[in-house]
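Next come the chains, spelled out residue by residue.
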Amino acid sequence: MHTSTADICVVGGGPAGLTLALLLLKSGVSVALLEKSRSTDRSYRGEILQPGGMAVLDELGVLDAARKRGCHPHERFQLVSRNRVLLDVDYRRLPDPYNCLLSLPQPHLLDTLLDACLAHEGFHHLPGTRATELLTRDGAVRGVRGSGPDGEQEVRAHCVVGADGRYSKVRRLAGIDAARVESFTQDVLWFKLPVAEAQPDAVQVYRSGGNPMLVYHSHPNQVQFGWTLPHGGYRALAERGVEHVRDQIALAVPQYADAVRERITRLSDLSLLDVFSGQAETWATDGLVLIGDSAHTHGPIGAQGINLAVQDAALLHPVLLDALHARDTSAARLARFERERRPDIVAALKLQALQGRAMLSSNPVADTVRPVLARAVSRTPLYHALLRRIAYGRQPVRVHTDRFTTT
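This one's a predicted model, so the numbers in the text were calculated from it and none came from an experiment.

A. Region of interest: the overall build of the protein chain. What the protein chain contains, in helices and strands, is twelve helices and 21 strands. Compactness check: the protein chain gives a C-alpha radius of gyration of 22 Å against a globular reference of 22 Å for 407 residues, within 12% of the reference. Dimensions along the principal axes, computed over C-alpha positions, put the protein chain at roughly 60 × 45 × 40 Å. Out of the 407 residues in the protein chain, the part that is buried amounts to 56%. Of the contacts made within the protein chain by residues no fewer than 6 positions apart, 73% connect residues no fewer than 24 positions apart. When the 47 basic and 43 acidic side-chain charges of the protein chain are each reduced to a single mean position, those positions are 4 Å apart.

This is the structure in structure tokens:
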């Protein structure tokens with residue numbers, strides 16, 4: 001077994017884990033990062049960045065490099081019903097330079113963050129390594145044991161950060177329960193199709209003859225689709241075969257019907273996301289703290305997943321620095337992150353649920369009220385307040401660049 005030491009051990013090399021690792025490395029902290037995947041060459045669902053997430057990444061110095069790998073900015077979010085735009089949320093009303101939605105493939109973001117981390121001597125990267133056990137001493141977590149391509153690995157650290165997603169192994173190893181809340185009545189079926197011509201610079205929820213569909217242009221020349229289905233309803237649909245599924249998708253987005261019928265040839269071309277929300281009962285124990293989806297899980301409505309993850313990292317960064325300086329990584333000290341952050345997450349979950357009901361519900365009352373309500377909201381001060389809340393959260397999150405010791 002190979003044993004190593006670091007100030008902080010991060011489990012999970014997604015947006016939250018890599019952003020936190022880079023923040024700590026820039027502050028002179030040594031970091032070991034375990035990631036079960038060997039590379040970023042895999043499928044991802046979420047790739048939309050809100051302005052709040054862009055601001056954090058820009059202050060960290062990685063946004064421009066990630067964008068240069070390829071991205072697609074969107075000026076607006078639209079709710080479209082039968083070719084009629086009911087709601088047109090114009091992100092250009094926000095101040096420069098973060099006045100758009102950014103479709104940024106996750107591998108581009110993760111590779112940029114990883115390259116920046118690898119430039120620091122204090123970074124120990126363990127790709128292809130799964131966490132198997134939490135190391136403890138005197139009742140506190142003091143490291144992680146993992147299994148990887150080079151055999152067993154043991155990383156000893158002052159604190160472990162669980163950033164390993166909605167089905168977090170670290171959370172389970174710590175015995176922390178997470179409540180699953182069925183706050184959404186939809187599941188989402190994801191797929192991408194190549195396009196021959198430019199699409200509107202808008203992220204759209206498209207309501208036509210079938211179930212609502214999320215549609216947006218994705219780099220390089222693709223369209224990302226998120227087809228919403230009644231929660232738990234995909235199995236019955238799939239049992240009728242790929243041709244039936246394909247016909248229903250074409251009904252939802254008739255303008256892409258030809259591409260749908262040509263490109264979707266088997267059910268494995270589609271990826272089902274089980275949509276739910278939830279929060280871990282606690283985000284911190286002695287020597288351990290959870291961030292991102294490990295601490296709080298969100299649905300895809302409102303494109304908040306990556307946004308909240310990188311903001312979590314920025315907020316946890318000074319908490320960990322203070323804990324290391326005080327030589328105290330107890331739950332009492334680490335819980336400062338949870339106290340400061342949980343109200344923002346509760347607010348984000350409530351806003352997501354409201355957005356889901358407003359845009360995706362299908363019943364005669366909702367179909368009648370939706371156009372009237374959309375027009376009314378767009379003409380009031382509430383419109384701009386909602387835009388800022390969706391873009392930045394309850395309050396903008398800033399990076400503590402004053403705590404950096406390196407560039």
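Read on for the rest.
B. Focus on the sheet that holds strand β18 (residues 277–280). The strand order across the open sheet built from three strands is β12-β18-β21, with neighbouring strands paired in antiparallel fashion. Because the sheet does not close on itself, it has two edges, and the strands there are β12 (178–181) and β21 (296–297). Pairing of β18 with β21 involves two bridges; the strand directions are antiparallel. Residue pairing in the sheet places Gly-278 in a bridge with Thr-297 of β21.

C. Quick peek at the sheet that holds strand β4 (residues 72–74). Spatially, three strands are ordered β3-β7-β4 in an open sheet, and the strand pairing comes out antiparallel. Both edges of this open sheet fall to β3 (48–49) and β4, since each of them pairs with a single strand only. The pairing of β4 with strand β7 (residues 101–103) spans three bridges and is antiparallel. Counterpart to Pro-73 in the pairing with β7 is Leu-102.

D. Representation of the side chain of Gln-304 within the structure. Summarising the element assignment, Gln-304 is placed in the loop between β21 and α9 (305–326). Accessibility expressed as a relative area gives 8% for Gln-304, which makes it buried. Once residues lying within four places of it in the same chain are set aside, the contact partners of Gln-304 are Gln-50, Gln-352 and Ile-390.

E. The arrangement of empty space enclosed by the protein in detail. As enumerated under the stated definition, the model contains three cavities of 30 Å³ or more in all. In this structure, the largest cavity occupies an estimated 140 Å³ of space. Every residue lining the largest cavity is counted, 16 residues in all, and those nearest its centre are Asp-344, Ala-348, Arg-389, Gly-393 and Arg-394. Of all the elements in the fold, those that place two or more residues in the lining of the largest cavity are α9, α10 (331–360) and α12 (381–392). At seven residues, α10 tops the list of elements feeding residues into the lining of the largest cavity. Broken down by class, the residue content of the lining of the largest cavity amounts to five nonpolar, seven polar and four charged.

F. A look at a positive patch on the surface. Side chains of Lys-36, Arg-130, Lys-169 and Arg-172 sit close together on the surface and give a patch of like positive charge. Structurally, Lys-36 can be placed in the loop between β2 (31–35) and β3. For Lys-36, a relative accessible area of 52% translates into the label exposed.

Basis of the calculations
- Residue positions are counted from 1 within each chain, in the order its sequence is given.
- Reporting in this predicted model follows two pLDDT cut-offs: at least 70 for local features of residues, and 80 or more for side-chain atom pairs to be given and counted; totals over whole chains, interfaces and linings ignore these cut-offs and use all residues.
- Side-chain numbers come from the whole structure's heavy atoms, not from hydrogens or water.
- Helix numbering and strand numbering both begin at the N terminus, where a helix is a DSSP run of H or I of at least 4 residues and a strand a DSSP run of E of at least 2.
- Radius of gyration here uses only the C-alpha atoms, and the compact-globule reference equals 2.2 Å multiplied by the residue count raised to the power 0.38.
- Residue exposure (1.4 Å probe, protein chains only): buried if accessible area is under 20% of the type maximum, exposed if over 50%, otherwise partly exposed.
- Only heavy atoms matter for contacts: two residues are in contact if any of them lie within 4.5 Å across the pair.
- By the counting rule applied here, Lys and Arg register as positive and Asp and Glu as negative, while His and the ends of each chain are not counted.
- Where a charge lies is defined by one atom per residue type: Lys uses NZ, Arg uses CZ, Asp uses CG and Glu uses CD.
- A pair of strands is treated as paired once DSSP finds two or more bridges between them.
- Of the grid points, spaced at 1 Å and generated over the protein atoms alone, those admitting a 1.4 Å probe that cannot get out make up cavities, while open sets with protein on both sides within 12 Å along at least five of seven lines make up pockets; any residue with an atom within 4 Å of a point is treated as lining.
- Grid points are joined across faces, edges and corners, and a volume is the space filled by probe spheres set on the points.
- Lys, Arg, Asp and Glu make up the charged group, whereas Ala, Val, Leu, Ile, Met, Phe, Trp, Tyr, Cys and Pro make up the nonpolar group; the residues left over, Gly among them, are polar.
- The patch calculation keeps residues exceeding 30% relative accessible area without a salt bridge and links them within 9 Å when they carry like charges or within 5 Å when they are nonpolar (Val, Leu, Ile, Met, Phe, Trp, Tyr).
- Exposure was quantified through the Shrake-Rupley algorithm and a 1.4 Å probe, taking into account, for residues, occlusion by the shown protein chains and nothing else.
- For this analysis, a salt bridge means a side-chain nitrogen from Lys or Arg found within 4 Å of a carboxyl oxygen belonging to Asp or Glu.

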